[in-house]
Structures are given as structure tokens and as C-alpha cells.
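# Coordinate inspection notes
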Amino acid sequence: GLTVLMTVHDINLAFRYCDHLMLLRDNSIYAYEEKGGVTIDMLQDVYDVKLSSSECLDSKVFVPF
């Protein structure tokens, strides 16, 4: 029964420690999803960068290229 609100720009930290993610873009909520519902296309759109992903320590890891 504990809720923690965390603001972080590192998507890898967010995916490692959070159950739900709220993505913001242009001062608006872009998406609010369980982390399993967040797609790489969403992240590329929000961060405006091409990403690749892989699994590490039971969590997705995103790397810009």
C-alpha cells in the first residue's frame, strides 16, 4: 500500500523501478500506462530519438543510436 511519485528523465531507471509510467511531451500528458504498455515507438516520439531495446536484469533497457 505504498505510492511513490518519482520524476526522472532516465527511462531505464523508470522501467527498472516503476510499475506505471506517465510520459509527458510539450507540457501535456502523452501517455499513462503500466510499463508493459509503453512501446518503443512512444518513447522515440517523446524523446525524439531513435532507440533500440533489450532485456537486462529482468527489465527492458533502452539505448539511443
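Everything discussed here concerns the structure shown above.
Described below are features of the structure shown in this document.

What counts and what doesn't
- Residues numbered from 1 in each chain as written.
- Predicted model: local features only at pLDDT ≥ 70, side-chain atom pairs only at ≥ 80, totals over all residues.
- Heavy atoms only, no water.
- 1 Å grid on protein atoms, 1.4 Å probe; cavity = no way out; pocket = protein on both sides within 12 Å on 5 of 7 lines; lining within 4 Å.
- Points joined across faces, edges and corners; volume = space filled by probe spheres on them.
- Helix = DSSP H or I, 4+ residues; strand = E, 2+ residues; numbered from the N terminus.
- Pairing = 2+ DSSP bridges.
- Buried < 20%, exposed > 50% of the residue type's maximum accessible area, 1.4 Å probe, protein only.
- Polar contact = N/O pair within 3.5 Å; in protein donor to acceptor, adjacent residues only side chain to side chain.
- Phe/Tyr/Trp six-rings, centres within 6.5 Å; stacked < 30°, edge-to-face > 60°.
- Core = buried A, V, L, I, M, F, W, Y, C linked by side-chain atoms within 4.5 Å.

A water-sized probe, rolled over the atoms, reveals where empty space remains. The calculated volume of the largest pocket comes to roughly 790 Å³. As for the largest pocket, its lining consists of 21 residues, of which Met6, Thr7, His20, Leu21 and Met22 are closest to the centre. Put simply, the parts of the chain that give the lining of the largest pocket at least two residues each are helix 1 (11-17), strand 1 (20-25) and helix 2 (40-47). The element contributing the most residues to the lining of the largest pocket is strand 1, with 5 residues.

What follows concerns the pairing of strand 3 (residues 51-56). Where strand 3 meets strand 4 (residues 59-64), 6 bridges bridge the pair, whose relative direction is antiparallel. Across the sheet, the residue bridging to Ser54 is Val61, located in strand 4. In textbook terms, the turn of a hairpin is the stretch between consecutive antiparallel strands, and for strand 3 and strand 4 this stretch comprises 2 residues, one of which, Leu57, has a positive phi near 55°.

The backbone of Asp48 shows a phi angle near 55°, a positive value even though the residue is not glycine. Inspection of the secondary structure puts Asp48 in the loop between helix 2 and strand 3. Even without being glycine, Asp58 reaches a positive phi, approximately 65°. With respect to the element layout, Asp58 can be found in the loop between strand 3 and strand 4.

Residue placement: Gln44 occurs in helix 2. Taking the relative accessible area as the measure of exposure, Gln44 reaches 17% and is therefore buried. In terms of polar contacts, Gln44 uses its side chain to reach the backbone amide nitrogen of Leu51, at 2.8 Å.

Here the focus is the packing of aromatic side chains. On inspection of all chains with the given rule, the structure shows 1 aromatic pair. Aromatic pair Phe15 and Phe62: ring centres 5.0 Å apart, planes at 65°, arrangement edge-to-face. You can see Phe15 sitting in helix 1 and its partner Phe62 sitting in strand 4, a full 47 residues away along the chain. By the burial criterion, Phe15 is buried, and Phe62 matches it.

Grouped together as the largest cluster of nonpolar side chains are 13 residues, with contacts concentrated most on Ile11, Phe15, Leu21, Leu23, Val38, Leu43 and Phe62. For this core, the elements supplying multiple residues, two or more each, are helix 1, strand 1 and helix 2.

Geometric descriptors of this kind do not, in isolation, establish any biological role.
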